[in-house]
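If you want the building blocks of each chain, they are given just below.
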Amino acid sequence: MESKSFRVRSRWQWSMRSSVLMLAILLLSTLPFVNLQASNLARPATPTNLAATAVSPTQIDLTWQDNSDNEDSFIIQRNTVDHSPTYVVIATVGANETSFNDTTPNCDTLYYYRVLAHRSTSSPPESLPSDPANATTHACPPPNAPSSLSATASSQTQINLAWTDNSDDETNFRIERSPDGSAWGEIGTAAADATSYNDTTLSCGSTYYYRVRAYRSGDGLFSEYSNPANDTTAPCPPPAAPTGLSATAASTTQIDLTWTDNSSDETSFRIERSPDGSGWAEIGFVGAGVTSYNDTGLVCATTYHYRVRAYRSGDDQYSDYSNPDDDTTDACPPDPPSNLNATAVSDTQIDLTWQDNSSDEDSFHIERSPDGSTGWSEIDSVGAGVTSYNNSGLTCGTAYYYRVRAYRSGDSQYSGYSNTAHDTTDACPPPDAPSDLNATAFSPSRIDLDWQDNSSDETGFRIERSPDGSSGWAQVGSVGANATTFSDTGLSCETTYHYRVRAYRDSDATFSDYSDPADATTSDCLLFYLSLIHI
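It should be emphasised that the depicted structure is a prediction, and the values quoted were computed from it without experimental measurement.

Colleague: Explanation requested: the state of the cysteines in the structure shown.
Modeller: Such a bond, covalent and formed between the sulfur atoms of two cysteines, is termed a disulfide. Summed over all chains, the structure comprises 5 disulfides. Once the disulfide-bonded cysteines of the protein chain are ranked by sequence position, their pairing pattern turns out to be 1-2, 3-4, 5-6, 7-8, 9-10.

Structure representation (structure tokens):
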């Protein structure tokens, strides 16, 4: 029974072993297929060492390490927010690629990237994303400069500008203007995409220079300037013509003009004159706003014609002429006398003669001066046709200057002056000599003199003494004008002294003749000594 049981158990064990063996053989025979199937179901290996490098304002280059050997592509994702799960696929590259150039970014912008390997037969088909990498694109370039700028005057006060817009990111256009192409100033702006601008605040007949550039407000960048362009506004209308011209004679040689100024922008007024209203010539000008002019240096009793026009120097424009007007200068004065001569005939008189050149004078007026340049005064007048005058009552030895002019009473006109003539009166006569000289001994040492003063213009008297009356005369004293006595003291007793006196005049250093001599003898010496003892 036990043997049978053993046999039965052994047979079962063998059967189980055979079954296990067969199963093992079966499993081993299917193992490559199982491994291959598992391999096809696993996701690709994740790329690593992702690097992002900005190479321009609009390009970032990516590189990474390919860790998968069975991917069919790589997916590139981009984001602009750090750690944001919202990445956007921007490109796909083939298997085994390890770089990508992103050429779609904006300038001066931070971008984040990641890369995933992809195999379409995997589940899921993408690898895990690489670690992110980031880079900031280079600073934005300025807007492109506008081109083909043109300037076209459309009126006296407006120039229209047009240009080509070469930029797609400008905020506006800035317009600059210059009077000479060198000193620029901004005058206005035009909106983005605008290609024209009208400058409407200009002056007529003036040249203006322009240039334009684009501006982007986001980063405050300007483009380069466009080409410059210029044009000149239409010519200004001429100044308004003056009116109401009036010509009025003011004298024999002057006509005064007045007019009404009707212009607000003239630089000057130009005055023209004609002898007959046809042969016009410019004779002068006055400044802006002036409404009068005095034409001098004219010929007496002559008619002159005038006209006036306004002038603007900025554009060399003249107004029309004013109305013409004329007037005649006053009647001519008498012709001046000539050949005036002055001749001294005594010490108190100078006689004048001249030539009468006028036919209508009523008188001649004589003027005199002490020096020929100042102090002229009229001293007398003589009738028409008279050609001489005697000036008496003068001072001897003195120079006098004369001039003469004719006078016509009907229109109170004087001629011009004659030539100037002068002469000097004869030298003054010496003072009259004193007379009746007396000499009287007053004491042993004194003799008193007295005389008669016969002169009216002496400065004084000089007294001379001589020991013998013929020689050795010497001045012993002097007295002033009109004096008639002199005492000679300090003399010797019992001595005869001879005297003579003469008048003198300082103004011309002139002496009179001497008086007759007179003499006297001092008292005897005894009296002199007695006088000393008495003293």
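Colleague: Just to check I follow, could you spell out the pattern of salt bridges for this structure?
Modeller: One side chain can pair with another of opposite charge once the charged atoms of both are near each other. Applying the stated criterion to the full structure yields 23 salt bridges. The partner of aspartate 265 in a salt bridge is arginine 312, and the shortest N-O contact between them spans 2.6 Å. With a gap of 47 residues between them, aspartate 265 in the loop between β17 (255–260) and β18 (268–274) and arginine 312 in strand β21 (residues 303–312) connect regions that are remote in the sequence. Looking at aspartate 265, the relative accessible area reads 35%, which means it is partly exposed. You can call arginine 312 buried: its relative accessible area is 7%. Here arginine 505 ties to aspartate 508 by a salt bridge, and the two come within 2.7 Å at their closest N and O atoms. According to the relative accessible area criterion, aspartate 508 is partly exposed, its value standing at 29%. What you see here is one network of salt bridges that share partners, running through Asp169, Arg216 and Asp219.

Colleague: Looking at this structure, how should I read the sheet that holds strand β8 (residues 147–153)?
Modeller: Hydrogen bonds between backbone groups are what pair the strands of a sheet, and the pairing can be parallel or antiparallel. Here 3 strands make up an open sheet; going across it, the order is β8-β9-β12 and the pairing antiparallel. Either end of the sheet is taken by a strand with one partner, and the two such strands are β8 and β12 (196–199). Within the sheet, the average angular offset between the axes of one strand and its neighbour, ignoring direction, is 15°. Examined bridge by bridge, strand β9 (residues 159–164) and β12 share 4 bridges and lie antiparallel to one another. Paired with asparagine 160 across the strands is asparagine 198, a residue of β12.

Colleague: Sorry if this is basic, but what is going on with the environment of alanine 433 here?
Modeller: Within the secondary structure, alanine 433 sits in the loop between β31 (421–424) and β32 (435–443). Here alanine 433 falls in the partly exposed class, since its relative accessible area comes to 25%. Taking the C-alpha atoms as reference points, alanine 433 and tyrosine 318, separated by 115 residues in sequence, lie 87 Å from one another. Those residues within four positions of alanine 433 in sequence are excluded, and the remaining contacts are Asn454, Ser512, Asp513 and Tyr514.

Colleague: Explanation requested: the environment of threonine 103 in the structure shown.
Modeller: Along the chain, the position of threonine 103 falls in the loop between β5 (99–102) and β6 (110–118). Along the chain, threonine 103 and histidine 83 lie 20 residues apart, while their C-alpha atoms are 23 Å from each other.

Colleague: What should I look at first to understand the side chain of glutamate 170 in this one?
Modeller: Its place among the elements puts glutamate 170 in the loop between β9 and β10 (172–178). With no salt bridge to any partner, buried glutamate 170 finds its closest opposite charge in arginine 216, at an N-O distance of 8.1 Å. A distance of 3.2 Å separates the side chain of glutamate 170 from the side chain of serine 167, its partner in a polar contact. Engagement of the side chain of glutamate 170 in a polar contact is seen with the backbone nitrogen of aspartate 193, the distance being 2.7 Å.

Colleague: Looking at this model, I keep getting lost on the packing of aromatic side chains. Mind explaining?
Modeller: Within a pair of aromatic rings, the relevant descriptors are the distance that separates the centres and the angle that separates the planes. According to the stated counting rule, one finds 9 aromatic pairs in the structure shown. The residue whose ring lies beneath arginine 174 is tyrosine 215, and the NZ or CZ to ring-centre distance is 4.3 Å. In this arrangement the basic side chain of arginine 500 is found over the ring face of tyrosine 514, its NZ or CZ atom lying 3.8 Å from the centre.

Colleague: Could you clarify how one ought to interpret the sheet that holds β17 in this entry?
Modeller: An order of β16-β17-β20 is seen for the 3 strands of this open sheet, with the pairing classed as antiparallel. Either end of the sheet is taken by a strand with one partner, and the two such strands are β16 (243–249) and β20 (292–295). The average undirected angle you get between the axes of adjacent strands in this sheet is 15°. With 4 bridges joining them, β17 and β20 adopt antiparallel strand pairing. When the sheet's bridge partners are listed, leucine 257 is paired in β20 with tyrosine 293.

Colleague: What exactly am I supposed to notice about the nonpolar core here?
Modeller: A general feature of soluble globular proteins is that nonpolar side chains tend to end up buried together. Grouped together as the largest cluster of nonpolar side chains are 17 residues, with contacts concentrated most on Ile60, Leu62, Trp64, Ile76 and Tyr113. Secondary-structure elements contributing two or more residues to this core are β1 (48–56), β2 (59–65), β3 (73–79), β4 (88–94), β6 and β7 (133–136). Element by element, the count of residues in this core is highest for β6, at 4 residues.

Reading the values: rules and limits
Residues numbered from 1 in each chain as written. Predicted model: local features only at pLDDT ≥ 70, side-chain atom pairs only at ≥ 80, totals over all residues. Heavy atoms only, no water. Disulfide = S-S within 2.5 Å. Salt bridge = Lys/Arg side-chain N within 4 Å of Asp/Glu carboxyl O. Helix = DSSP H or I, 4+ residues; strand = E, 2+ residues; numbered from the N terminus. Buried < 20%, exposed > 50% of the residue type's maximum accessible area, 1.4 Å probe, protein only. Pairing = 2+ DSSP bridges. Axes fitted to C-alpha atoms, helices over the stretch in contact; angles between N-to-C directions. Contact = heavy atoms within 4.5 Å. Lys, Arg positive; Asp, Glu negative; His and termini not counted. Polar contact = N/O pair within 3.5 Å; in protein donor to acceptor, adjacent residues only side chain to side chain. Phe/Tyr/Trp six-rings, centres within 6.5 Å; stacked < 30°, edge-to-face > 60°. Lys NZ or Arg CZ within 6 Å of the ring centre and 35° of its normal. Core = buried A, V, L, I, M, F, W, Y, C linked by side-chain atoms within 4.5 Å.

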